[in-house]
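# Understanding the architecture of this molecule
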Amino acid sequence: MRSKPVVLKVRAFMPDPSFLLIQSLSGLTYAMFLFLIASGLSLIFGVLGILNFAHGSLYMLGAYLTYQFVSQFIDAPGQFWWAVVFGSLSVALIGGVIERLFLRRLYIREELNQLLFTYALVLLISDFAKIIWGTGQLSVSRPAILKGAVPILGQYFPEYNIFVIALGPGIALLFWLILHHSRWGRIIRAAALDREMLGSLGVNVNWLFTVVFTIGAWLAGLGGALVSPIAAIVPGMDVEIIINAFIVVVIGGLGSFWGTLLGALILGQVISFGILVFPRLSMVFIYILMAVVLILRPWGLLGKPLQR
Amino acid sequence: MFKENWFLIAIIFLLALVPLSDSRFYIFLGTDILIMGLFAVSLNLLLGYTGLVCFGQAAYFGIGAYTYTLLMKKASFSFPFAFLAAPVFGAVAALIIGIFCIQRTKIYFAMLTLAFSQIVWAIVFKWNSLTGGDNGIIGIPFPQHLDSPTRFYYFTLVVVVFSFYIMRKAVNSPFGRMLTTIRENPERTEFIGINVKLFQLLAFMISGFFSAIAGALFAIFNHSVFPDLLFWPHSAEVLIMTLLGGMYSFFGPLVGAAVMLYLRMLVTSYTQYWPLIMGTILALLLFFFPGGIVGFLKTQRLFSREK
């Protein structure tokens, strides 16, 4: 994390209840973005067994593409929302193409090769973004309906952030329902456990992998699209978010759905309050937390130990 | 073996002739390649020889660089002492971190090395009063007798060649064979009564030791140190160099470092989009030359022999 998280406002520390509430809401907003990105990362790792370094790059693409669509749809009604839909779907498409054309060929190789290929994607996407959108800071204005701020205990909190906080659990619930109460969800969970067996039962595992990677990419793209009105869209936002997303999945447990949510909530609050209480130590503390979890419970707080 | 040694002596001799070209460009490039080559070869002790994917090697490079810098600048140590303290600090850090990391395997090992290197980076980045934070430290005191590019090139050459000599001795010794055995099958090695974790820890320490030497050399070479030296993309970069050259040969990583740094020199004089080129090289490498440059050359030679 090189710069301060954008959703936070750093002020002098004072134990005022309304201020603490606002601060924890800021942390919650950031946690929802972390959750969107990390759940895609965790899904891809759980099913494909690939730790996708390029997930932060897909998130960045989501933000840039949303900016692009917003400037295309100027004066159209619901301009921002269409941009979010098209932006995130474009990222999903890009993810699907990457899996289909490239990643596919590396499944038979060692894990290191897959990891490094996703790192190659990080380099390529960051430079493509620089070529297309330049190195300056871009921004998207908040949608008209959510422009205001809500008074909470005498302080003002942006409506848009409240929308994000409400949306997060909605998406989490939707995903949980799909994963645990639908045929597709059953197949995805089965693929995470034993892909050969699933293949011999007649499921087209090749396509399943493409679908899962596309969904994961869509989640990252959606995160980027939704963060665009409250964050500066700059090169480097990919590298910043990916490490935090790694921390979230490590704390929660790689491949664990609720673990990812818990990890995101913890990290969101730690960043939000850590920066106030120990501005110097908060960043160190986050990495120590990651290391401690890996040492004591490598499968994460809510994950299950590997049987293998 | 014998033939190979003569070949290596010839290469060293050729490297010693580089300053005669009297071109600052080649002297600087040569120094850079030797330093990064040492860094990559030391990483490869873990990656290629022991089969441990370390994603936080930049930490030891950075610890070496900062140890040397701080001892010279803040503590006014004498040069030999500061220069020797760097690898010792690197090895001690690797020992402490390694004890935790080797408990884990595969992806979890990689993640844990990443977490620790990020801890070290965050400390360096945030400890303004000691490390200068984001601004780094510039104007590192410099021993008088190394005060010309040519002299420093020879100094680097001697240090790097000596380091390679020791590392090569180590990997060709029974100890090194044991590391390869562990790489091939850790479970079976454990079954025949070998303390696998101890060997992995020793490899981790040796690797940290030599990475720190590379870091200290880099600090002198660059006259400055920055927290970016410890940031994770630096770990990724040296991993790519190692892979580019070939992780299954001792000097592969050095070849990788040479090719990559030369290309970077070439490319950055035309365009600022070096990461684009590096990403493309990496992707091509993964798809078409999984054995790296040296691996590719070896298979070519094998084919011609079979014919």
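Thresholds applied
- Position numbers for residues count from 1 along each chain, tracking the sequence in the order it is written.
- Chains and ligands are labelled by the order in which they are written, letters from A for the one and numbers from 1 for the other.
- In keeping with the predicted nature of the model, local features appear solely for residues at pLDDT of at least 70, side-chain atom pairs appear and are counted solely at 80 or more, and the whole-chain, interface and lining totals rest on all residues.
- The secondary structure listing takes helices from DSSP runs of H or I that are at least 4 residues long and strands from runs of E that are at least 2 residues long, numbered from the N terminus.
- Values of the radius of gyration come from C-alpha atoms, whereas the globule rule sets the reference at 2.2 Å times the count of residues to the power 0.38.
- Think of it as a crowd count around each C-beta: if 20 or more other C-beta atoms lie within 10 Å the residue is buried, if 12 or fewer it is exposed, and in between it is partly exposed, with C-beta placed from the backbone throughout.
- Contact criterion: two residues are in contact if their C-beta atoms, reconstructed from the backbone, are within 7 Å.
- Polar here means any residue outside two lists: the nonpolar Ala, Val, Leu, Ile, Met, Phe, Trp, Tyr, Cys and Pro, and the charged Asp, Glu, Lys and Arg; Gly therefore counts as polar.
- When buried Ala, Val, Leu, Ile, Met, Phe, Trp, Tyr and Cys residues are joined through C-beta atoms within 7 Å, the set is termed a nonpolar core.
- Values of pLDDT, the confidence the predictor places in each residue, fall between 0 and 100.
- Following DSSP output, two strands are said to pair if at least two bridges run between them.
- Lines fitted to C-alpha atoms define the axes, with helix axes restricted to the stretch in contact, and inter-axis angles between N-to-C directions lie between 0 and 180 degrees.
- Note that the term roughly parallel is reserved for angles under 35 degrees, roughly antiparallel for angles over 145, roughly perpendicular for angles of 65 to 115, and oblique for everything else.
- In a helix, the anticipated span is given by 1.5 Å times the number of residues less one.
- Each crossing is labelled by how the near helix is turned from the far one, with a counterclockwise turn of less than a right angle marking it left-handed and a clockwise turn marking it right-handed.

## Let's talk about the overall build of chain B
Secondary structure assignment for chain B yields 14 helices and 2 strands. Since a compact globule built from 307 residues should have a radius of gyration of about 19 Å, the 19 Å found for chain B is in line with a globular shape. Viewed in the frame of its principal axes, chain B has a C-alpha envelope of about 55 × 45 × 40 Å. The buried share of chain B, taken over its 307 residues, is 49%.

## What to know about the overall build of chain A
Within chain A, the regular secondary structure consists of 11 helices and 2 strands. For chain A, the C-alpha radius of gyration of 19 Å lies close to 19 Å, the compact-globule estimate for 308 residues. Each principal axis of the C-alpha distribution contributes one length, and for chain A these read about 60 × 50 × 35 Å. Burial statistics for chain A: of 308 residues in total, 49% are counted as buried. Expressed as a percentage of contacts within chain A between residues at least 6 apart in sequence, the contacts between residues at least 24 apart total 76%.

## Remarks on the interface of chain A and chain B
Taken together, the contact pairs 28 residues of chain A with 31 residues of chain B. Elements represented by at least two residues in the side of chain A that touches chain B include exactly helix 4 (111-133), helix 9 (237-252) and helix 11 (282-296) of chain A. A breakdown of the residues in the side of chain A that touches chain B according to their chemical character gives 21 nonpolar, 2 polar and 5 charged.

## Describing the environment of A:Asn244
Residues and elements named next belong to chain A. Assignment of secondary structure puts Asn244 in helix 9. C-beta crowding within 10 Å serves as the criterion here: with 23 such atoms nearby, Asn244 is assigned to the buried category. When the C-alpha atoms of Asn244 and Ala38 are compared, they prove to be 8.6 Å apart, with 206 residues separating the residues in sequence.

## Regarding the environment of A:Gly62
Residues and elements named next belong to chain A. Residue position: Gly62 is located in helix 2 (residues 55-72). Each C-alpha atom, one on Gly62 and one on Ala31, is 18 Å from the other, the two residues being 31 residues apart in sequence. Here Gly62 is in contact with Gly87, Ser88, Val91, Ala220, Gly221, Leu222, Gly223, Gly224 and Ala225, once residues within four sequence places are set aside.

## Here's the deal with unusual backbone geometry
Positioned with a positive phi, B:His223 is a non-glycine residue whose angle comes to about 60 degrees. For B:His223, the position within the fold is in the loop between helix 10 (196-222) and strand 2 (224-225).

## Structural notes on the nonpolar core
Counting 205 residues, the largest nonpolar core has A:Leu34 and A:Ile37 as its most contacted members. If we skip the residues at most four places from it in the chain, A:Leu34 touches A:Asn244, A:Ala245, A:Val248, A:Ala264, A:Leu267 and A:Gly268.

## Some details on the confidence of the model for chain B
Low pLDDT marks regions whose predicted coordinates should not be analysed in detail. All names here are of chain B. Averaged over all residues, the pLDDT of chain B is 86; the fraction at 70 or higher stands at 97%. Of all the helices and strands in chain B, helix 14 (residues 292-306) carries the lowest mean pLDDT, 68, while helix 10 carries the highest, 92. Taken together, the chains of this predicted complex give a pTM of 0.85 and an interface ipTM of 0.81.

## Concerning the pairing of strand 1 (residues 149-152) of chain A
Side-chain direction in a regular strand flips from residue to residue, so the side chains alternate between the two faces of the sheet. With 4 bridges connecting them, strand 1 of chain A and strand 2 (residues 155-158) of chain A associate as antiparallel partners. Within strand 2 of chain A, the position partnered with A:Ala149 by the bridge is A:Pro158.

## Re the packing of helix 2 (residues 24-50) of chain B against helix 10 of chain B
Two measures define how a pair of helices packs: the angle their axes make with one another and the distance between the axes. All names here are of chain B. With their axes 9 Å apart at the nearest point, helix 2 and helix 10 run at an angle of 170 degrees to one another. It follows that helix 2 is roughly antiparallel to helix 10 by the angle criterion. Between helix 2 and helix 10, the residues in contact are Thr31, Ile35, Leu38, Phe39, Ser42, Leu43, Leu45, Leu46 and Thr50 and Gln200, Ala203, Phe204, Ile206, Ser207, Phe210, Ser211, Ile213, Ala214, Leu217, Phe218 and Phe221, respectively. Its residues assigned to classes, the contact of helix 2 with helix 10 shows 15 nonpolar, 6 polar and no charged.

## Comments concerning helix 5 (residues 159-181) of chain A
Residues and elements named next belong to chain A. In a regular helix each residue adds 1.5 Å, so 23 residues correspond to 33 Å; helix 5 covers 33 Å between its end C-alpha atoms and thus fits that length. Tyr160, Asn161, Val164, Gly168 and Phe175 are the residues of helix 5 that are buried. The inward-facing, buried residues of helix 5 contact helix 1 (17-48), strand 2 and helix 8 (205-227).

## Some remarks on the packing of helix 3 (residues 58-73) of chain B against helix 10 of chain B
Residues and elements named next belong to chain B. In the contact formed by helix 3 and helix 10, the axes pass within 6 Å of each other and the chain directions differ by 50 degrees. When the axes of helix 3 and helix 10 are compared, the pair comes out oblique. Once helix 3 is placed against helix 10, the crossing between them reads as right-handed. The segment helix 3 lies against helix 10, with Tyr60, Phe61, Gly62, Ile63, Gly64, Ala65, Tyr68 and Thr69 engaging Gly208, Ser211, Ala212, Ile213, Ala214, Gly215, Ala216, Phe218 and Ala219. For the contact of helix 3 with helix 10, the per-class residue count stands at 11 nonpolar, 6 polar and no charged.

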